[in-house]
Amino acid sequence: MIMASRKVWTMGRSFLFGSRSWTIQYSAEIFLKSVSFRPCSVKCDSKDREASENEVLLSNLLTMGVDIDMARRRQPGVFNRVVTNEQELRMFLLSKGASDKVIGSIISRYPRAITRTSEGLSKRWELWRKIMASDLEIINILERSPESFFRSNNNLNLENNIKFLCSVGLTNKCLCQLLTRAPRTFSNSLNLNKQMVEFLQETGVSLGHNDPTDFVRKIISKNPSILIQSTKRVKANIEFLQSTFNLNTEDLLLLICGPGARILDLSNDCTKRNYANIQEKLLSLGCTDEEVQKFVLSYLNMIFLSEKKFNDKIDCLVEEKISISRIIENPRILDASINNLKTRIKELVHAGYDLSSSNIALLSWSQKRYKAKLRRLNA
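Analysis parameters
Residues numbered from 1 in each chain as written. Predicted model: local features only at pLDDT ≥ 70, side-chain atom pairs only at ≥ 80, totals over all residues. Heavy atoms only, no water. Helix = DSSP H or I, 4+ residues; strand = E, 2+ residues; numbered from the N terminus. Buried < 20%, exposed > 50% of the residue type's maximum accessible area, 1.4 Å probe, protein only. Contact = heavy atoms within 4.5 Å. Lys, Arg positive; Asp, Glu negative; His and termini not counted. Salt bridge = Lys/Arg side-chain N within 4 Å of Asp/Glu carboxyl O. Expected span 1.5 Å × (residues − 1). Arc of directions from axis to C-beta. Axes fitted to C-alpha atoms, helices over the stretch in contact; angles between N-to-C directions. Parallel < 35°, antiparallel > 145°, perpendicular 65-115°, else oblique. Left-handed = near helix turned anticlockwise from the far one by under 90°. Nonpolar A, V, L, I, M, F, W, Y, C, P; charged D, E, K, R; others polar. Core = buried A, V, L, I, M, F, W, Y, C linked by side-chain atoms within 4.5 Å. pLDDT = per-residue confidence, 0-100. Polar contact = N/O pair within 3.5 Å; in protein donor to acceptor, adjacent residues only side chain to side chain.

Draft legend 1. Focus on the overall build of the protein. Helix and strand counts for the protein come out as 21 helices and two strands. Counting across all 379 residues of the protein, residues that qualify as buried make up 43%. In the protein, once contacts between residues fewer than 6 apart in sequence are set aside, the share between residues at least 24 apart is 67%.

Draft legend 2. Region of the structure containing the side chain of Arg109. Positionally, Arg109 belongs in helix 6 (residues 100-109). Buried within the structure, Arg109 lacks any salt-bridge partner; Glu143 is the closest side chain of opposite charge, at an N-O distance of 6.2 Å. Each residue touching Arg109, except ones within four places of it in the same chain, is listed here: Met70, Arg74, Leu142, Glu143, Arg144, Ser145 and Pro146.

Draft legend 3. A look at unusual backbone geometry. Positioned with a positive phi, Asn246 is a non-glycine residue whose angle comes to about 50 degrees. Its place among the elements puts Asn246 in the loop between helix 14 (231-244) and helix 15 (249-256). The phi angle at Lys321 is positive, at roughly 65 degrees, despite the residue not being glycine. Tracing the chain through its elements places Lys321 in the loop between helix 18 (307-319) and helix 19 (324-329). When its relative accessible area of 63% is taken as the criterion, Lys321 is described as exposed.

Draft legend 4. Representation of helix 20 (residues 338-350) in the model. Compared with an ideal rise of 1.5 Å per residue, which puts 13 residues at 18 Å, helix 20 spans 18 Å between its outermost C-alpha atoms and is within 8% of the ideal. For helix 20, every residue scored as buried is listed here: Leu341, Arg344, Ile345 and Leu348. One side of helix 20 carries all its buried residues, which in axial view fall inside an arc of 105 degrees. Facing away from the buried side of helix 20, by more than 90 degrees, are the exposed residues Asn339, Lys346 and His350. Against helix 18 and helix 21 (367-378) lie the buried residues of helix 20. Residue Gly352 follows helix 20 closely and has a positive phi angle near 85 degrees.

Draft legend 5. Inspection of the packing of helix 16 (residues 268-284) against helix 18 at higher detail. Where helix 16 contacts helix 18, the axes come no closer than 9 Å and their chain directions differ by 25 degrees. The orientation of helix 16 with respect to helix 18, classified from their angle, is roughly parallel. You can see that helix 16 and helix 18 cross each other, and the crossing is right-handed. Two secondary-structure elements touch here, helix 16 through Asn274, Asn277, Ile278, Lys281 and Leu282 and helix 18 through Glu307, Phe310, Asn311, Ile314 and Asp315. When its residues are assigned to classes, the contact of helix 16 with helix 18 shows four nonpolar, three polar and three charged.

Draft legend 6. Geometry of the nonpolar core. Of all hydrophobic cores here, the largest spans 106 residues; its most connected members are Leu93 and Leu334. Element by element, the count of residues in this core is highest for helix 11 (residues 172-181), at five residues. Filtering out sequence-adjacent residues up to four positions away, Leu93 remains in contact with Ala98, Ile103, Ile106, Trp125, Ile139 and Leu142.

Draft legend 7. The arrangement of the environment of Asn246 in detail. Look at Asn246 and you get exposed, because its relative accessible area is 64%. The sequence separation of Asn246 and Gln293 amounts to 47 residues, and the corresponding C-alpha distance is 9.8 Å. Setting aside anything within four residues of it in sequence, one finds Asn246 in contact with Leu241 and Gln293.

Draft legend 8. Focus on the confidence of the model for the protein. Confidence in the prediction for the protein averages 85 pLDDT; 87% of positions are at 70 or higher. Scored below 50 in pLDDT, residues 1-44 shows 38 contacts in the model against residues more than four places distant or in partner chains.

Draft legend 9. Spatial organisation of the side chain of Glu86. Relative to the elements of secondary structure, Glu86 occurs in helix 5 (residues 86-95). No salt bridge is formed by the buried Glu86; its nearest oppositely charged neighbour, Arg81, is found at 9.8 Å. Polar side-chain contacts of Glu86 include one of 2.7 Å to the side chain of Asn60. Among the polar contacts listed, one links the side chain of Glu86 to the side chain of Thr84, at a separation of 2.5 Å. Other than its neighbours up to four places away in sequence, Glu86 contacts Leu57, Asn60, Leu61, Met64 and Ile114.

Draft legend 10. Spatial organisation of the pattern of salt bridges. The final tally for this structure, using the stated rule, is 13 salt bridges. With its nearest N and O atoms 3.2 Å apart, the salt bridge here joins Glu147 to Arg151. Classification of Glu147 as partly exposed rests on a relative accessible area of 36%.

Draft legend 11. Quick peek at the environment of Asn340. Examined against the element boundaries, Asn340 turns out to sit in helix 20. Exposure remark for Asn340: the relative accessible area of 28% places this residue in the partly exposed category. Taking the C-alpha atoms as reference points, Asn340 and Leu363, 23 residues apart in sequence, are found 8.6 Å from one another.

Draft legend 12. A look at the packing of helix 5 against helix 6. The N-to-C vectors of helix 5 and helix 6 enclose an angle of 130 degrees; their axes lie 10 Å apart at closest approach. Judged on the interaxial angle alone, helix 6 and helix 5 are oblique. When you trace helix 5 past helix 6, the crossing you get is right-handed. Residues Leu89, Arg90, Leu93 and Leu94 of helix 5 form the contact with helix 6, whose own contacting residues are Asp100, Ile103, Ile106 and Ile107. For the contact of helix 5 with helix 6, the residue count by class is six nonpolar, no polar and two charged.

Right, here's the structure in full:
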């Protein structure tokens, strides 16, 4: 193992290239990088990792207010790059109306942003502005979700996907949803997006929808992530919904254009497993198959709950003498986390509220509304 200090030192070497002689200055860090090799996998501790980081970059990022620890956790490889464009990125975003604080936050959460070139950023911004109303709107999106803008630097692919999705009837509002909530849509190849859109159009027609374009728009507006799923997954979930709930084509169409659209994202195994658990749990508490189906159809978000989460929430409520029939009538209370349910139940019982006979919907109320009710109970 070769050990060397990190101090910059100069080596004068004379190399012959033809008839010319060159004197080259090396830093120890650069020299060691050029000759390093890994005959086997070696686990490096944080000190080793930080020792190989670009010190000029670190200094620049600290000056810009970047949370270095957060950035390291998210994309550590960025700090080992020799060439980065953090200053160009800062000047570009400042010119679009971003503050230094916002810029620091963006880089902290998506460090790879500093690898984008000024030319690439300008072109990407131009494409986004075709969809967004203003520069400020883009800045606000970048502040919330920097990945949506910086994840890809393939601007040609972005441009082609925007043109295609506009051609099949998607509005700017739909495209905004895709950019902010499912940015990987625009990292997909054009052919991949075409396959999904064509599949959805064919599905709409097979279910009796008289406007395939409108069907696609409705599905995407309800579930922006659908274009990053596989057609196999979506098809399997549509078949599951139809067979499990004995739906005719008209009812199935209404379901997947509405509350059932999000279910199409789940892996089919997960969908089946979660539903089977809901069915088993509710049947054990005296429900009928018809009641189980009605309950799930009334609030399909239940399908997203894992076995443990669903069972824990039901048990928590039943232990407080809340009947299963009342839980079925108020499915939204299962949206609350188990900790939130327990906290609210404890507070309400302490305030003398009888959950066994009183309205339980307040378990799912907004925090502001719930606290106001609690204050009145304690008055």
